[in-house]
Amino acid sequence: MTSPEQSARALRDAATGALALRFPARWLEEHAVLPLAREGDVVTVAAEGALPSLVDDALGRTLQARMVMVPFSAADIRAALVASPRASATPASVGASPTSGPDALHGDRTESLDDLRALASREPVVQVVNALLTEAVRSGASDLHVESTPGGLRVRMRRDGVLHDVQQLGMPFQAGVMSRLKVMAGLDIAERRVPQDGRARVSIDARDIDVRVATLPALHGESLVLRLLDSGASGARSMTDLGIAPDTQHAWSQLVARTAGLLLVTGPTGSGKTTTLYASLAARSTPGVKVVTVEDPVEYRLDGVVQLPVNVKAGFGFANALRAILRNDPDVILVGEMRDAETADIAVQAALTGHLVLSTLHTTDATGALARMTEMGVPPYLLAATLQGVLAQRLIRLSCPQCATWRPLTPEEQALAHDEGAAPLATQVREGRGCDSCAQTGYRGRGALTELLVLDDALRAAFSAGASLDALRARVRADGVPSLLQDGWRAVREGRTTIAEVLRVVSEDDGR
């Protein structure tokens, strides 16, 4: 017969054994369960009573074995886990065995809806999700990626436009964390076969954070992306804060001050187009001017501006929202994105009839906006009559102000700058070594690279006459309009960023 001392010693040994290390200590403690030993495909497990189906399933999937329960009191199991040297370990180091194949892809698991809801509300799961969201907000991340892998959940955060691995959660957390996030976003937690989109609002450090959640069914389970928006923050940053050159700021401000016409900001997703438009609207939002926006979603609240969120499910898209706006006598209209021919047509008509319309478009450079709008069905003569200017934009990471130092340029770097037609670089470049302030990346914060095209009569005539895109670009360069890459070299000369960062962000096809 086993003595109490021997039983306590067995539990203490098991708490630091290889089997137990496959699971988060907090998860084992919550369920008062502890794997003791393996013999073939059978694992003996210490528990006070019969194992709940979810716990048995998590143990079996992770250990790839059948569970046999050995009776121990819950108090003794928890005492052994609390006394374990790893009691304070986080779930970040937990590994697990894979679950893949058709069942994982289609989500045909055996958990009931009630079990999933219960799992989503368990304290360890709630703590993990809260900790992830808090870390993301405090670190300034724009997105949180939670991806199912053969070993559990891979968690990454996008900071300053670049993804960074932050945690690896074991299989016991997979169903709970995914269910918790889907419950928060109002999604169907039992549906894992089709993509879903939802929204949530959380309060972190007394800040209201809007969270947009998108799911994807993947090979090893679902993948979730959470976009974090500080709804209480002001979106009206100045163009100086964005690092835009003074000459470009002045020319763009003159365009924004006009009473009619179409202005476009172009670039890929995440290039700061909306932020630039918000900064532009701040100058026009005065008591004598009515400004109305239609966005998907409304990212930041602007004082004195009527902001309309798109609701496609309710039949309130960009096109019919724009029609409704025109009936409300606006002076300035912001259309979040030119997504289709109908929206583009209405926006051009609005600009033609005495409204200033600002919007965004996905093109690689400023001149490409002319071709893109034409492809969307806008006649060249109408576009030439209404389009006033196009601002192409990218976001670059800035050298960390805490650890950046100047170093001499290599001959290869100097030759590269001259080959690209930029003004000669200085003899030094400012690079970050990596520190706690920048999470050892050498970069902290982001700024804008821009290319501003202001349409003049000669360019309008060439475009209306059917000039090719290459011919239009050659004319723009001949007029002395700096390209995105040339603006990048300016940022390098000023010590704001590095050559490697400029070349990472600006591709060879960006209108050079």
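## Here we look at the overall build of the protein
Within the protein one finds 19 helices and 18 strands. For the protein, the residues scored as buried account for 50% of the 512 residues in total. Restricting to contacts in the protein with at least 6 residues of sequence separation, those with at least 24 account for 66%. Accessible area for the protein stands at about 22700 Å²; split by element, carbon and sulfur atoms hold 51% of it.

## A look at the layout of surface pockets
Quantified by volume, the second largest pocket comes out at close to 510 Å³. Lining the second largest pocket are 19 residues; nearest its centre among them are Asp197, Gly198, Arg199, Arg212 and Asp296. Where the lining of the second largest pocket is concerned, the elements lending two or more residues are β7 (196–204), β8 (207–218) and β9 (221–230). Take the lining of the second largest pocket: its biggest share by element is five residues, from β8.

## Some words on helix α10 (residues 273–284)
With 12 residues, α10 should cover 16 Å at 1.5 Å per step; its first-to-last C-alpha distance of 17 Å lies within 8% of that length. The buried count for α10 comes to nine of 12 residues, which makes it a mostly enclosed element. Buried within α10 we find Lys273, Thr275, Thr276, Leu277, Tyr278, Ala279, Ser280, Leu281 and Arg284.

## Points about the sheet that holds strand β5 (residues 152–159)
Reading across from one edge, β6-β5-β4-β9-β8-β7 is the order of the six strands in this open sheet, with antiparallel pairing throughout. Here the strands that pair on one side only, and so sit at the sheet edges, are β6 (162–169) and β7. Within this sheet the neighbouring strands show an average axis-to-axis angle of 20°, counted without direction. The sheet strands contacting helix α8 (residues 171–184) are β4 (143–149), β5, β6, β7 and β9, and the helix crosses β9 at an angle near 45°.

## Things to note about the sheet that holds strand β1 (residues 33–39)
Here we have three strands laid out as an open sheet, ordered β1-β2-β3, and mixed in their pairing. Only two strands of the sheet have a single neighbouring strand rather than two, namely β1 and β3 (66–71). Averaged over neighbouring strand pairs, the angle between their axes works out to 30° when direction is ignored. Here β1 pairs with strand β2 (residues 42–47) via six bridges, running antiparallel. Across the sheet, residue Glu39 finds its bridge partner in β2, namely Val42.

## A look at unusual backbone geometry
Unusually for a residue other than glycine, Asp329 sits at a positive phi of about 55°. Residue Asp329 is classed as exposed on the basis of its relative accessible area of 61%. Residues other than glycine seldom take positive phi values, yet Ala439 does so here, at roughly 55°. As for its position among the elements, Ala439 is in the loop between β17 (428–432) and β18 (443–454). Residue class for Ala439 comes out partly exposed when judged on its relative accessible area of 44%.

## Some points on the confidence of the model for the protein
Scored by pLDDT, the protein comes out at a mean of 85, with 89% of its residues at no less than 70. Between the elements of the protein, mean pLDDT differs from a low of 31, seen in helix α5 (residues 102–106), to a high of 97, seen in strand β10 (residues 261–266). Between residues 88–110, whose pLDDT stays under 50, and residues either more than four places distant or in other chains, the model counts 55 contacts.

## Regarding the pattern of salt bridges
In the structure shown here, the tally under the stated rule is 22 salt bridges. Residue Asp205 is joined to Arg138 by a salt bridge in which the shortest nitrogen-to-oxygen separation is 2.8 Å. Here the residue Asp205 occupies a position in the loop between β7 and β8, and Arg138 occupies one in helix α7 (residues 123–138), the gap between them amounting to 67 residues. Put simply, Arg372 and Glu375 hold a salt bridge, and the shortest N to O gap is 3.8 Å. One end of the pair is Arg372 and the other is Glu375, both in helix α13 (residues 368–375) and three residues apart, which spans about a single turn. Looking at Arg372, the relative accessible area reads 30%, which means it is partly exposed. Classification of Glu375 as exposed rests on a relative accessible area of 62%.

## Describing the packing of helix α11 (residues 318–326) against helix α12 (residues 341–352)
As a packed pair, α11 and α12 sit with axes 8 Å apart at the nearest point and diverge in direction by 20°. Between α11 and α12, the interaxial angle falls into the category roughly parallel. You can see that α11 and α12 cross each other, and the crossing is left-handed. Mapping the contact onto sequence places Phe318, Ala319, Leu322, Arg323 and Leu326 in α11 and Glu342, Thr343, Ile346, Ala347 and Ala350 in α12. When the residues that make up the contact of α11 with α12 are grouped by side-chain class, the tally is seven nonpolar, one polar and two charged.

## Thoughts on the packing of helix α1 (residues 4–15) against helix α4 (residues 74–83)
The contact between α1 and α4 brings their axes to 8 Å, and the two run at 50°. Judged on the interaxial angle alone, α4 and α1 are oblique. Every pair of crossing elements has a handedness; the one defined by α1 and α4 is right-handed. Residues Leu11, Arg12 and Ala15 of α1 form the contact with α4, whose own contacting residues are Asp76, Ile77, Ala80 and Leu81. For the contact of α1 with α4, the class distribution of residues is five nonpolar, no polar and two charged.

## A short note on the side chain of Ser223
Mapped onto the secondary structure, Ser223 falls in strand β9. The exposure class of Ser223 is buried, given its relative accessible area of 16%. Excluding its chain neighbours within four sequence positions, the residues that come into contact with Ser223 are Val146, Glu147, Met178, Ala214, Thr215 and Leu216.

## What to know about the packing of aromatic side chains
Taken as a whole, this structure holds zero aromatic pairs when the rule is applied. Lying across the ring of Tyr443, Arg397 places its NZ or CZ 4.0 Å from the centre.

## What about the nonpolar core?
Judged by nonpolar contacts, the single largest core of 55 residues is most densely connected at Leu262, Leu264, Met338, Met373, Leu383 and Leu387. With six residues, α12 is the single largest residue contributor to this core. Ignoring any residue separated from it by four or fewer positions in sequence, one finds Leu383 in contact with Leu262, Leu370, Met373, Thr374, Val378 and Phe463.

Reading the values: the criteria
Residues numbered from 1 in each chain as written. Predicted model: local features only at pLDDT ≥ 70, side-chain atom pairs only at ≥ 80, totals over all residues. Heavy atoms only, no water. Helix = DSSP H or I, 4+ residues; strand = E, 2+ residues; numbered from the N terminus. Buried < 20%, exposed > 50% of the residue type's maximum accessible area, 1.4 Å probe, protein only. Contact = heavy atoms within 4.5 Å. Areas by Shrake-Rupley, 256 points an atom, 1.4 Å probe, with all protein chains shown as cover. 1 Å grid on protein atoms, 1.4 Å probe; cavity = no way out; pocket = protein on both sides within 12 Å on 5 of 7 lines; lining within 4 Å. Points joined across faces, edges and corners; volume = space filled by probe spheres on them. Expected span 1.5 Å × (residues − 1). Pairing = 2+ DSSP bridges. Axes fitted to C-alpha atoms, helices over the stretch in contact; angles between N-to-C directions. pLDDT = per-residue confidence, 0-100. Salt bridge = Lys/Arg side-chain N within 4 Å of Asp/Glu carboxyl O. Parallel < 35°, antiparallel > 145°, perpendicular 65-115°, else oblique. Left-handed = near helix turned anticlockwise from the far one by under 90°. Nonpolar A, V, L, I, M, F, W, Y, C, P; charged D, E, K, R; others polar. Phe/Tyr/Trp six-rings, centres within 6.5 Å; stacked < 30°, edge-to-face > 60°. Lys NZ or Arg CZ within 6 Å of the ring centre and 35° of its normal. Core = buried A, V, L, I, M, F, W, Y, C linked by side-chain atoms within 4.5 Å.

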